[in-house]
Each structure stands twice: as C-alpha cells, then as structure tokens.
Amino acid sequence: MHDYTENEKKYGGFSPEIEKIVKRNSNILDIGCSTGELAKALSKKGCTVVGLDIDLNSLQKAKHYCTEIINCDLDDFEKLDEHLGSRKFDYITMGDIVEHLKYPEYLIKYLRKYLKPEGSLITSIPNAAFISMRIKFLMGNFNYDKNGGLMDEDHLRFFSFKTAKKLFIASGYQISRCYGKSTVRPLFCFLNPLASIFPTLFAIHIIIIAKN
C-alpha cells in the first residue's frame, strides 16, 4: 500500500486563489484537505469546513481547523455517502487533487449530489501545457519528479485548459469561470501578467469554478 504520509511534505492543500473565491460564512467540503491549511484560512472568514483526506496523519493536524474530518479513499463512494449522507455544501474545493485520480470524471460527477443548487465546485489543476512543459516534451523529456511540481510522480492524469473544461462539462456542470494563475509559488509571481494574457502558455494552474 502506498505511504501517503510523505504527501504532506509536497502538498499543503492550500490554494490562495480558492481561499479568495470562497465567500464569507460558507460551509465547505474540502477534498484532499491535507493538514488543513485551507480550512485554517477559511475559518478566519467565518466558514465551516469538513476536511476529507486519505492520510490519517495529515487529518490529525487538520482537525484543529476543520469542524469535522473524514478519512476516505476518493474511489470509495459508499464511504462518502456513509459520512456525508444528504448534506449539501455551498462549496466543494479540490486543490490539486484531480490529477491524482485514476477516474476523476466519476468523482466529479458524483460530487454534484453534495452541492446546494446554487453551490460551486472549485478546483485548481496543474496546466500540463505550461510553456516549460511544452519545451520539455519537444525535447523528448517526459521524466517524472519525486519532489512535486507539474510532473510529480504521483500525477496520474494531465490536463490542458481545453481538456479540463471538457471534463467538467461532460460531468454535467456549467462552468461559470475558467482562468489561469501562477501565484501558488512566489517564485513564479512574475508570470501573473502573462498568465492573464496567455493563460494556456503561462498559467501554472487552471482554476475552474463549476456549478450544477
């Protein structure tokens, strides 16, 4: 069995862009909450957060910021139902999760039942068509990285803006906004103006806000 305890060193579960989108005093299901950094930020906005993750060690840290924690494999829909029942959320957040799933389309479609009619699913997905990746692919370099990043060894799926939007539309959602950002790491903040003008080339992350 894979040791997920190493993941918290690479994935904090926090996206400043997702935190900015969520409105004050909302209730949120944070999928892949890791150690609860997003929940910590959202709690300062009066939000309540249910944190879900596969790693128990990370959840022990997340419980300080979440109103409830759930240990669950995202392929186990029965266990999701067992924990969530008929609850509905203002937002479901997935920061850098979709690319780690074998069949993300099944989960994304299934999550619709947990959204309020006016609710939103907010996701951050690495842009596999980022300019540095295009150059690497052109040079025949398709090497995985053990330390995270766009070619992290844990990534099972890769998305461009076009295929990311297609994924959500095929799952029954309406995309209210899809845009690019490069602010996750301060090192790449200089890319933000370019990411706004040429997102498919210079945005490290694809941000999608989708509604039922």
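To be clear, the structure that these remarks concern was listed above.
So, here is what we can say about the structure in this document. These numbers come from a predicted model, not from an experiment. (Residues numbered from 1 in each chain as written. Predicted model: local features only at pLDDT ≥ 70, side-chain atom pairs only at ≥ 80, totals over all residues. Heavy atoms only, no water.)

## Concerning the environment of Y103
Position of Y103 among the secondary structure elements: in the loop between strand 4 (89-95) and helix 5 (104-110). Each C-alpha atom, one on Y103 and one on T123, is 16 Å from the other, the two residues being 20 residues apart in sequence. (Helix = DSSP H or I, 4+ residues; strand = E, 2+ residues; numbered from the N terminus.)

## Here's the deal with a nonpolar patch on the surface
Taken together, the side chains of I135, L138 and M139 define a hydrophobic patch exposed on the protein surface, amounting to about 390 Å² of accessible area. For I135, the location among the structural elements is in helix 6 (residues 131-138). (Patch = residues over 30% accessible without salt bridge, like charges linked within 9 Å, V, L, I, M, F, W, Y side chains within 5 Å. Areas by Shrake-Rupley, 256 points an atom, 1.4 Å probe, with all protein chains shown as cover. Salt bridge = Lys/Arg side-chain N within 4 Å of Asp/Glu carboxyl O.)

## Re the nonpolar core
Counting 33 residues, the largest nonpolar core has I31, M94 and F168 as the members making the most contacts within it. At the level of secondary structure, the elements contributing two or more residues to this core comprise strand 1 (27-31), strand 2 (48-53), helix 4 (77-84), strand 4, helix 5, strand 5 (115-126), helix 7 (161-170) and strand 7 (205-211). Ranked by residue count, the leading element in this core is helix 7, at four residues. Residue contacts for F168: discarding those within four places in its chain leaves I108, L121, T123, I125, Y173, I175, I208 and A210. The next biggest cluster of nonpolar side chains, apart from the first, holds 18 residues, and it includes I18, L59, A62 and I209. (Core = buried A, V, L, I, M, F, W, Y, C linked by side-chain atoms within 4.5 Å. Buried < 20%, exposed > 50% of the residue type's maximum accessible area, 1.4 Å probe, protein only. Contact = heavy atoms within 4.5 Å.)

## Side note on the sheet that holds strand 5
Hydrogen bonds along the backbone pair up the strands of a sheet, which may run parallel or antiparallel. Across the sheet, which stays open at both edges, the seven strands sit in the order 3-2-1-4-5-7-6 with mixed pairing between neighbours. Each of the sheet's edge strands pairs with one partner strand only, and the pair in question is strand 3 (68-71) and strand 6 (174-181). Adjacent strand axes in the sheet meet at a mean angle of 15°, parallel and antiparallel pairs treated alike. Strand direction decides the pairing type here: strand 2 and strand 3, joined by four bridges, are parallel. (Pairing = 2+ DSSP bridges. Axes fitted to C-alpha atoms, helices over the stretch in contact; angles between N-to-C directions.)

## Details of the pattern of salt bridges
The full count for this structure, using the stated rule, is six salt bridges. The residue K116 makes a salt bridge to D90 at a minimum N-O spacing of 3.0 Å. Linking K116 in strand 5 with D90 in strand 4, this pair joins segments that are 26 residues apart in sequence. Accessibility expressed as a relative area gives 25% for K116, which makes it partly exposed.

## Notes on the packing of aromatic side chains
Tallying each qualifying case throughout the model produces nine aromatic pairs. Relative to F142, the ring of F137 has its centre 5.2 Å away and its plane inclined at 25°; by these criteria the two rings are stacked. A cation sits over an aromatic face here: R177 above Y179, 3.8 Å from the ring centre. (Phe/Tyr/Trp six-rings, centres within 6.5 Å; stacked < 30°, edge-to-face > 60°. Lys NZ or Arg CZ within 6 Å of the ring centre and 35° of its normal.)

## A word on the layout of surface pockets
Within this model, the second largest pocket holds a volume of roughly 160 Å³. Lining the second largest pocket, in full, are I21, K23, S26, D90, Y91, E118, G119, S120, S176, I209 and K211. Of all elements in the fold, only strand 4, strand 5 and strand 7 reach the threshold of two or more residues within the lining of the second largest pocket. When residues of the lining of the second largest pocket are assigned to their parent elements, the largest contribution, three residues, is made by strand 5. Taken together, the residues that form the lining of the second largest pocket break down as three nonpolar, four polar and four charged. (1 Å grid on protein atoms, 1.4 Å probe; cavity = no way out; pocket = protein on both sides within 12 Å on 5 of 7 lines; lining within 4 Å. Points joined across faces, edges and corners; volume = space filled by probe spheres on them. Nonpolar A, V, L, I, M, F, W, Y, C, P; charged D, E, K, R; others polar.)

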